[in-house]
Amino acid sequence: MKTLLSLFTLFLCISLSLNTGCGKNGDAAMAETDTPVTEITITGDDRMRFAPTRFTVRAGHRITLTLDNIGRMPKESMGHNLVILDQGVAPNAFAAASVGFPQNEYIAPQFENRVIAATTVLGPGEQETITFIAPATPGEYPFVCSFPGHTQARMVGIMIVIP
Ligand SMILES: [Cu+2]
């Protein structure tokens, strides 16, 4: 009976997590799968890597995303942001154009209407939480760090939007 109850709890947890996530750990553990999340924390480090590099959300849902810069190098040489781009925007083209706009958090003004959501540039040990509405159109949306050189070094990932 106890086993049955546990199984039921597990099943309930899985069912709930489809919509709401099953607590913070559940979200983090499932971040690399195709299970949609409403809350996600992504780290950036001194090796210019995001983790996780992909996550899944449901179209039109409100998403809370935290970027956590877990590196130790100074912001001037190893700052990180996280910019989610619209479908079809080439990450390298966006990053190349954005290099010239440090005063605009490395987001080129001509691309601003192609940005789904973005954090500011963070230094070591800093975190920033943003909320945004997931796009209505399912598909794959690239996210990048547009600090100079980082997109080219593959500090990139993908947000998957499902119906
Ligand atoms: Cu970066």
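Residues numbered from 1 in each chain as written. Predicted model: local features only at pLDDT ≥ 70, side-chain atom pairs only at ≥ 80, totals over all residues. Heavy atoms only, no water.

1. Brief notes about the confidence of the model for the protein chain
Overall, the prediction assigns the protein chain a mean pLDDT of 86, with 80% of residues at 70 or greater. Predicted confidence is poor over residues 1-31, with pLDDT under 50, and the contacts of this stretch with residues over four places away or in other chains come to 22 contacts. (pLDDT = per-residue confidence, 0-100. Contact = heavy atoms within 4.5 Å.)

2. So, the coordination of the copper ion
At 2.0 to 2.6 Å from the copper ion lie its protein donor atoms, namely His80 (ND1), Cys145 (SG), His150 (ND1) and Met155 (SD). One way to put it: the four donor atoms around the copper ion meet at angles of 86 to 130°, and that makes the site tetrahedral. All donor residues of the copper ion come from one chain, and their arrangement in sequence is H-x64-C-x4-H-x4-M. With Cys145 in the loop between β8 (139-144) and β9 (156-162) and Met155 in the loop between β8 and β9, this pair connects stretches of sequence that are ten residues apart. (Donors = N, O, S within 2.8 Å, 3.2 Å for Na, K, Ca; no water. Tetrahedral: all angles 85-135°; square planar, octahedral: opposite > 155°, others 65-115°. Helix = DSSP H or I, 4+ residues; strand = E, 2+ residues; numbered from the N terminus.)

3. Quick look at unusual backbone geometry
Of note, the bond from Ala51 into Pro52 is cis; its omega dihedral lies within 30 degrees of zero at -5°. Mapping Pro52 onto the fold places it in the loop between β2 (50-51) and β3 (54-58). Non-glycine residue Glu105 carries a positive phi angle of around 60°. Of note, Glu105 is situated in the loop between α4 (91-98) and β6 (115-118). Owing to a relative accessible area of 29%, Glu105 belongs among the partly exposed residues under this scheme. Notably, Tyr106 is not glycine yet its phi reads approximately 60°, a positive angle. Residue placement: Tyr106 occurs in the loop between α4 and β6. Given the relative accessible area of 13%, Tyr106 is considered buried. (Buried < 20%, exposed > 50% of the residue type's maximum accessible area, 1.4 Å probe, protein only.)

4. Overview of the nonpolar core
Formed by 25 residues in total, the largest nonpolar core has its most connected members in Phe55, Leu65 and Ile84. Looking at this core, the elements that each hand over two or more residues are β1 (39-44), β3, β4 (62-69), β7 (127-133), β8 and β9. Examining the composition of this core, we find that three residues originate from one element, β4, more than from any other. Of all hydrophobic cores here, the second largest spans ten residues; its members include Val89, Phe94, Ala108 and Val115. (Core = buried A, V, L, I, M, F, W, Y, C linked by side-chain atoms within 4.5 Å.)

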